[in-house]
Amino acid sequence: MSVSFNFSETETQQSVRAMVRDFAEKNIRPNIMEWDESQHFPVELFKQLGDLGLMGVLVPENYGGSGLGYQEYVDVIVEIARVCGSIGLSVAAHNSLCTGHILAFGNEEQKQRWLPKLATAEWIGAWGLTEANTGSDALRMMTTAVEDGDDYILNGAKNWITHGKSGDVAVVMVRTGESGSSKGISAIVVERGTPGFSAGKKENKLGMRASETTEMIFDNCRVPKANILGNVGEGFKQAMKVLDGGRISIAALSLGIAKGAFDAAVSYSKQRHQFGQPISSFQAISFKLADMATEIEASELLIRQAADLKNRHLPMTKESAMAKYFASEVAVKVSTEAVQIFGGYGYTKDFPVEKFYRDSKLCTIGEGTSEIQKIVIAREILN
């Protein structure tokens, strides 16, 4: 299939980027280290983001969202992550996973019920797929949903869930059929406050510390059958499609982190003098910057390609996996080189690059590891 791409920016993209950049500088940057040190999830900030339409970027206006496309969505995540990866991660998880799943597979009543609250951040969203013993092997999940009249009774636990404690509503993948069967999993929406639904352990993480990550526990949790998204047994297929879009989110998150680390490294290299000249004048440093800039540009092109295909409802499993794989590895590489350029100062919390360094690693793990992305890419090109 031959596909052409137009990478010209629209006025909408430019205005969205400027708005998000201004908000991030004023409302996020002054607080990033305090939130990081205390692992504080700033719910109040997300309410502000909701007021700006940034918690329902892709949601149509008739459901209370901004009605924008994936290019604008990429810009939102990049500009936030350029300042703080943690906040970028939470915005991405809310938009592309929980909200995106309901938008893609909910019926009209379900969309009317949940999307307006999610799009405005009246409610924060969570999405539950991963379990303690079934990371990439999702088909063998142990969380079950057993029919009981007009309800399902849920039992089990989900791990590594963004907003697992503070989220007001969660889309949860549960086993309704045989273990190991792609048709044995269903997606169901569970609201906070439902008896038997609680939060478990909060993870003490290396990075992304202001983005809440906890267990979700289900103990004889009774949920109406009306909360099933799509048909029973379609949950795994739905989740894989949601993750196609989610990979664009993590790729954009990676790009933002890489750009933030790169910006800091360039600025410092011009200011820091050794042997009577700025260190940027030394080939050892300037070549690092050249490599960083080139790989950042390549990441963005892959991401823009995947976003364009997503906007046009064209197949993009391979392209989103490539974007996620490449951009996440670049984020780690760029942030590592940024620490090196800062030297000893890069190893302290007085300068921003150590946080980009810590935050970047999650991008190669979350929503499918780099190894899983290679499997997806290989399967697509060999199919």
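Basis of the calculations
Residues numbered from 1 in each chain as written. Predicted model: local features only at pLDDT ≥ 70, side-chain atom pairs only at ≥ 80, totals over all residues. Heavy atoms only, no water. Helix = DSSP H or I, 4+ residues; strand = E, 2+ residues; numbered from the N terminus. Contact = heavy atoms within 4.5 Å. Core = buried A, V, L, I, M, F, W, Y, C linked by side-chain atoms within 4.5 Å. Buried < 20%, exposed > 50% of the residue type's maximum accessible area, 1.4 Å probe, protein only. Expected span 1.5 Å × (residues − 1). Arc of directions from axis to C-beta. UniProt positions renumbered as here; feature names shortened; annotations may be inferred. Phe/Tyr/Trp six-rings, centres within 6.5 Å; stacked < 30°, edge-to-face > 60°. Lys NZ or Arg CZ within 6 Å of the ring centre and 35° of its normal. Polar contact = N/O pair within 3.5 Å; in protein donor to acceptor, adjacent residues only side chain to side chain. Axes fitted to C-alpha atoms, helices over the stretch in contact; angles between N-to-C directions. Parallel < 35°, antiparallel > 145°, perpendicular 65-115°, else oblique. Nonpolar A, V, L, I, M, F, W, Y, C, P; charged D, E, K, R; others polar.

> Just to check I follow, could you spell out the environment of Ala-338 for this structure?
Take Ala-338: it is sitting in helix H9 (residues 317-342). Sequence-wise, Ala-338 and Leu-289 are 49 residues apart; in three dimensions their C-alpha atoms are separated by 8.8 Å. Aside from chain neighbours lying at most four places away, what touches Ala-338 is Ala-261, Ala-265, Met-292 and Val-353.

> How do you make sense of the nonpolar core when you look at a structure like this?
Most often, soluble globular proteins have nonpolar side chains that are buried together. Grouped together as the largest cluster of nonpolar side chains are 68 residues, with contacts concentrated most on Ile-28, Leu-49, Ile-87, Val-91 and Leu-253. Core analysis: the next-biggest nonpolar cluster, separate from the first, contains 27 residues, Leu-97, Leu-118, Trp-123 and Met-141 among them.

> Any chance you could explain helix H1 (residues 11-28) here in plain terms?
Here H1 is 18 residues long and its end C-alpha atoms lie 25 Å apart, about the 26 Å a rise of 1.5 Å per residue gives. Along H1, the positions that sit buried rather than exposed are Gln-13, Val-16, Arg-17, Val-20, Phe-23, Ala-24 and Ile-28. For H1, the angular spread of buried residues about the axis comes to 135°, placing them on one side. Those residues of H1 that are exposed and angled more than 90 degrees off the buried face are Glu-11 and Lys-26. Buried-residue contacts for H1 involve helix H2 (32-38), helix H3 (43-51), helix H4 (70-81), helix H5 (85-105) and helix H8 (283-311).

> Please explain the environment of Val-172 as it appears in this structure.
Inspection of the secondary structure assignment puts Val-172 in strand S4 (residues 169-175). Here the alpha-carbon distance between Val-172 and Leu-129, two residues 43 residues apart in the chain, equals 6.4 Å. When neighbours within four sequence positions are excluded, Val-172 is seen to be in contact with Gly-128, Lys-158, Ser-186, Ala-187, Ile-188, Val-190, Met-216 and Phe-218.

> Explanation requested: the UniProt feature "domain: Acyl-CoA oxidase/dehydrogenase middle" (unreviewed entry) in the chain in the structure shown.
Under the local residue numbering, the UniProt record ascribes the feature "domain: Acyl-CoA oxidase/dehydrogenase middle" (unreviewed entry) to residues 127-221. Annotated as 0% helix and 51% strand, the span residues 127-221 places its first and last C-alpha atoms 17 Å apart.

> Help me out: how do you make sense of the packing of aromatic side chains in this one?
The relation between two aromatic rings is expressed through the spacing of the ring centres and the mutual angle of the planes. Applying the stated criterion across every chain, the model contains eight aromatic pairs. Where Tyr-268 meets Phe-342, the ring centres are 4.1 Å apart and the plane angle is 15°; that geometry is what we call stacked. Within this pair, whereas Tyr-268 is found in helix H7 (residues 235-271), its partner Phe-342 is found in helix H9, the two being separated by 74 residues in sequence. Joined through ring pairs, the aromatic side chains of Tyr-268, Phe-342, Tyr-345 and Phe-351 make up one cluster. In this arrangement the basic side chain of Arg-192 is found over the ring face of Phe-197, its NZ or CZ atom lying 4.3 Å from the centre. Stacked on the ring of Tyr-152, the Lys or Arg Lys-225 has its end atom at 6.0 Å from the ring centre.

> I keep staring at the side chain of Gln-71 and nothing clicks. Help me out?
When you line up the elements, Gln-71 lands in helix H4. Contact partners of Gln-71, with chain neighbours within four places excluded, come to Gln-13, Arg-304, Ala-307, Asp-308 and Asn-311.

> Would you take a moment to explain H3 for this structure?
Since the α-helix packs 3.6 residues into each turn, any two residues three or four apart lie on the same face. Of the positions making up H3, those classed as buried are Leu-45, Phe-46, Leu-49 and Gly-50. In an axial view of H3, the angular spread of the buried residues amounts to 150°, which keeps them on one side of the axis. Taken together, the buried residues of H3 touch H1, H2, H4, H5 and helix H6 (108-119). Taken from the residues just after H3, Gly-53 is the one with a positive phi, measuring 85°.

> Just checking my understanding: could you explain the side chain of Thr-143 for this structure?
Tracing the backbone through its elements, the reader meets Thr-143 in the loop between strand S1 (125-128) and strand S2 (144-148). A polar atom in the side chain of Thr-143 sits 2.8 Å from the side chain of Glu-131. Beyond its immediate chain neighbours, meaning those up to four positions away, Thr-143 contacts Glu-131, Asn-155, Gly-156, Ala-157, Lys-158, Val-174, Arg-175 and Phe-218.

> Which parts of the structure should I look at to understand the packing of H4 against H8?
To describe two helices that pack against each other, one gives the angle between their axes and the distance between the axes. For the pair H4 and H8, interaxial distance at closest approach is 8 Å and the crossing angle is 140°. The pairing of H4 with H8 is recorded here as oblique in orientation. Contacts between H4 and H8 involve Tyr-70, Gln-71, Val-74 and Asp-75 on the former and, on the latter, Ile-303, Arg-304, Ala-307, Asp-308, Lys-310 and Asn-311. Looking at the contact of H4 with H8 residue by residue, the classes come out as four nonpolar, two polar and four charged.

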